[in-house]
Amino acid sequence: MPQAKDHVYLDHNAGAPLRPGARERMVEVLSDVGNASSVHADGRRARARIEAAREQVAGLCKARTRAVTFVSGGTEANMTALTPNWQDQGAPYYLDRLLRGATEHPSVAAGGRFPASMQEVIPVDANGLIRLDILKDMLAGGGPALVSVMAANNETGVISPLAEIGAMVAEAGGFFHVDAVQAAGRMEIDMDAWQADAISLSAHKFGGPQGAGSLVVRSTARVPAPLMLGGGQENWRRAGTENVAAISGIGVAAEAAEKEAQDWARLAALRDRLEAGVREICPAVTIFGEEAPRLANTSCFAAPGISAETALIAFDLERLSLSSGSACSSGKVSVSHVLTAMGAEEATARCALRVSLGWNSTDADIDRFLEVWPQVVDRLNPEARNRAA
Ligand code: PLP
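Since this is a predicted model, take the numbers as computed values, not measurements.

Participant: What is the right way to read empty space enclosed by the protein from this model?
Facilitator: The probe, sized like a water molecule, is rolled over the atoms to show the empty space still left. Under the definition given, this model contains three cavities of 30 Å³ or more. One number sums up the size of the largest cavity: a volume of about 110 Å³. Surrounding the largest cavity, 14 residues form its lining, Gly185, Arg186, Glu260, Gly358 and Trp359 being those nearest its centre. Broken down by class, the residue content of the lining of the largest cavity amounts to six nonpolar, three polar and five charged. Mapped onto the domain boundaries, the lining of the largest cavity takes at least three residues apiece from domain 1 (8–17 + 264–384) and domain 2 (20–260). Its volume calculated, the second largest cavity comes out at about 90 Å³. Contributing to the lining of the second largest cavity are 14 residues, with Thr103, Gly128, Met150, Val158 and Ser160 lying nearest its centre. Per-class residue counts for the lining of the second largest cavity are eight nonpolar, five polar and one charged.

Participant: Sorry if this is basic, but what is going on with the pattern of salt bridges here?
Facilitator: Considering all chains together, one arrives at 29 salt bridges under this definition. The salt bridge involving glutamate 234 is made with arginine 54; its shortest N-O contact spans 2.9 Å. Within this pair, whereas glutamate 234 is found in the loop between strand 11 (222–224) and helix 8 (244–258), its partner arginine 54 is found in helix 2 (residues 41–60), the two being separated by 180 residues in sequence. Judged by its relative accessible area of 7%, arginine 54 falls in the buried class. Salt-bridge contacts for aspartate 272 lead to arginine 271; the nearest nitrogen and oxygen are separated by 3.1 Å. Of the residues examined, aspartate 272 reaches a relative accessible area of 41% and is grouped as partly exposed. Bridged by salt links that share partners, the residues Arg25, Glu28, Asp32, Asp42, Arg45 and Arg49 form one connected network.

Participant: Mind showing me how you'd approach the site of the ligand here?
Facilitator: Within the structure, the ligand sits among 14 residues, and Gly74, Thr75, Asp179, Ser202 and Lys205 are positioned closest to it. Between an oxygen atom of the ligand and a side-chain N or O atom of serine 202, the distance comes to 2.6 Å. Burial of the ligand by the surrounding chains reaches 85%, relative to a free accessible area of 390 Å². Placement of the ligand is best described as lying within the largest pocket. Of all the elements, helix 3 (residues 74–81) adds the most residues to the shell around the ligand, at three residues.

Participant: Could you clarify how one ought to interpret the side chain of serine 321 in this entry?
Facilitator: Along the chain, serine 321 falls in strand 14 (residues 320–321). Polar side-chain contacts of serine 321 include one of 3.1 Å to the side chain of histidine 7. In contact with serine 321, other than residues within four places in its own chain, are His7, Val8, Tyr9, Leu10 and Asp11.

Participant: Looking at this structure, I do not really get unusual backbone geometry. What am I missing?
Facilitator: With a phi angle near 55°, glutamine 195 is a residue other than glycine that sits in the positive phi range. Of note, the phi angle at tryptophan 236 is positive, near 70°, even though the residue is not glycine. Here tryptophan 236 lies in the loop between strand 11 and helix 8.

Participant: What's the story with the nonpolar core in this structure? I'm lost.
Facilitator: Where a protein is soluble and globular, its nonpolar side chains tend to be buried together. Ranked by internal contacts, the top residues of the largest apolar core, which has 82 residues, are Val147, Phe176, Val178, Met187, Trp194, Ile199 and Val216. Structurally, this core is a two-domain feature, drawing no fewer than three residues from each of domain 1 (8–17 + 264–384) and domain 2 (20–260). Residues contacting valine 178, with those up to four places away along its chain left out, are Val149, Met150, Ala151, Leu162, Trp194, Ala196, Ala198, Ile199 and Ser200. The next biggest cluster of nonpolar side chains, apart from the first, holds 31 residues, and it includes Val8, Leu267, Ala303 and Phe369.

Participant: Sorry if this is basic, but what is going on with the pairing of strand 3 (residues 85–88) here?
Facilitator: Note on strand geometry: in a regular strand, side chains alternate between the two faces of the sheet. Every second residue of strand 3 is oriented toward a common face, the buried set being Trp86 and Asp88 and the non-buried set Asn85 and Gln87. Between strand 3 and strand 4 (residues 91–94), which follow one another and run antiparallel, lie two residues, and glutamine 89 among them has a positive phi close to 50°. Summarising the sheet, strand 3 and strand 11 pair through three bridges and their orientation is antiparallel. Considered in strand 11, the bridge of aspartate 88 is made with arginine 222.

Participant: For this particular structure, what's the right way to read the environment of leucine 229?
Facilitator: For leucine 229, the location among the structural elements is in the loop between strand 11 and helix 8. Along the sequence, leucine 229 and proline 382 sit 153 residues apart, while their C-alpha atoms lie 58 Å from each other.

Participant: I tried to follow the domain arrangement of the protein on my own but got confused; where do I start?
Facilitator: Interface size is often expressed as the accessible area that is lost when the parts come together. The domain architecture assigned to the protein consists of domain 1 (8–17 + 264–384) and domain 2 (20–260). Of note, the centres of domain 1 and domain 2, computed from C-alpha atoms alone, are 28 Å apart. Listed per partner, the contact involves 27 residues of domain 1 and 28 residues of domain 2. Both sides of the domain 1 and domain 2 interface together cover about 2,300 Å² of buried area, and 56% of this is carbon and sulfur. Per-residue buried area on domain 1 facing domain 2 is highest for Trp264, Leu295 and Met342; these three make up 30% of the total on that side. The tally of links from domain 1 across to domain 2 stands at 13 residue pairs in polar contact (both at pLDDT 80 or more). Taken together, the elements giving at least two residues each to the side of domain 1 that touches domain 2 come down to strand 13 (298–302) and helix 11 (337–341). Here the element with the most residues in the side of domain 1 that touches domain 2 is helix 11; it accounts for four residues. Split into classes, the residues belonging to the side of domain 1 that touches domain 2 amount to 14 nonpolar, nine polar and four charged.

Calculation notes
- By convention here, each chain's residues receive numbers from 1 onward along its written sequence.
- The predicted nature of this model means local features are confined to residues of pLDDT at least 70 and side-chain atom pairs, given and counted, to a pLDDT of 80 or more, with totals for whole chains, interfaces and linings taken over all residues.
- Hydrogens and water molecules were not included; the side-chain quantities draw on all heavy atoms of the structure.
- Think of a 1 Å grid over the protein atoms and nothing else: a 1.4 Å probe that fits but is trapped marks a cavity, an open set flanked by protein within 12 Å on at least five of seven lines marks a pocket, and residues with an atom within 4 Å of a point count as lining.
- Grid points are joined across faces, edges and corners, and a volume is the space filled by probe spheres set on the points.
- Ten residues, namely Ala, Val, Leu, Ile, Met, Phe, Trp, Tyr, Cys and Pro, are considered nonpolar, four, namely Asp, Glu, Lys and Arg, are considered charged, and the remaining ones, Gly among them, are considered polar.
- Domain ranges listed in this record stem from an automatic or a database domain assignment.
- When a carboxyl oxygen of Asp or Glu lies within 4 Å of a side-chain nitrogen of Lys or Arg, that pair is called a salt bridge.
- Secondary structure counts use DSSP, requiring at least four H or I residues in a row for a helix and at least two E residues in a row for a strand, with both numbered from the N terminus.
- Exposure is judged per residue with a 1.4 Å probe applied to protein chains only, and the accessible area is read against the type maximum: over 50% gives exposed, under 20% gives buried, and values in between give partly exposed.
- We call a residue near a molecule or strand as soon as one heavy atom of that residue lies within 4 Å of the molecule or strand.
- Pairing of N or O atoms within 3.5 Å defines a polar contact, subject to two protein rules: one partner must be a possible hydrogen donor and the other a possible acceptor, and residues neighboring in sequence count only if both atoms are side-chain atoms.
- To be clear on the numbers: accessible area is Shrake-Rupley with a 1.4 Å probe, and residue cover counts the displayed protein chains and nothing else.
- Molecule-in-pocket calls rest on the fraction of atoms, with more than half required to lie within 2 Å of the cavity or pocket grid points.
- Between two residues, a contact is recorded if the distance between any of their heavy atoms is within 4.5 Å.
- The criterion is simple. A nonpolar core is a set of buried Ala, Val, Leu, Ile, Met, Phe, Trp, Tyr and Cys residues joined through side-chain atoms within 4.5 Å.
- At least two bridges found by DSSP between two strands is the condition for calling them paired.
- We define buried area as the total accessible area lost by two parts upon association, computed with a 1.4 Å probe and summed across both.

What follows is the structure in structure tokens.
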């Protein structure tokens, strides 16, 4: 159903709307019969659809087609990569520890299949960037490590120095996993330049369906032990009958996202206009990661005394969907671990709002946000207008 005109969706990092092309293909595929493992014509058609999608996803991240394994989403891709047990050049290879960034998504922060005793956290600086000096010492101080660092942060959009990290990891003889869930379709994906052994993708961040994703390896000679065991689907890398409709959807979305590089400049202009407008009303606003390279689509900011929890409700009443930097679990609102790791004060972190744009964001969306923002400020803390930067 098309979005009502008065509804403004500014939460693409939580989940981008499904692209019409992906929806159409999925509906078409849902009418198919057959299992992609069957040898008859119906099975062969399902198989062909999967292989077409594999090429489209490989195109998005400039990988070899065979390097793409379809999984149920970013969480499963991360969980698959985060294991001490890998195969390297046909032989088992065991990693001693997991080093992961302090601002990783919970699906990485949970450590996958590494026991807690084998996990270490790499701190970040005030802009959310990995402390390379500390990582260097950590790499030198123990056995072979799997290093897992996100390409771009889901809350702030801050982009990690992946080529530098990859070079350090390679020199130390470690393996490198990149959670590229927020990056795919929003910045250049270059596994070779990053020296990344594996990256994770999630379809619903770039306009594909929820519940679909990929783990992409740089070389099929260096792969993590499968998470799902059973049949030989996905070249023995992920057992279970394939979700052909979802896989077809991720393929179409990946192809569309790949063609959108020129859209990044448009999104950056929208984001910059939004931030300038926010700051005009509240000069003392904090924009997280402002000094670091950031995705063009993401802005995370906190205005003094404007509680994010209350502001979100005020925006929602005006039919604007955005997000806060805090997470609500079991009825308790917790402060963002990302902003805490960046050294933000708790009071500031509780005011953090996240606006994230994407393929269907328009100038009118920003106009509407900037129309409502002063009303929210006036209602929640009019003093914020007078506080100097
Ligand atoms: N990694 C990052 C950086 C994310 O932002 C998310 C989802 O928000 C995930 C992983 C998990 O992806 P999925 O929702 O497909 O399980």
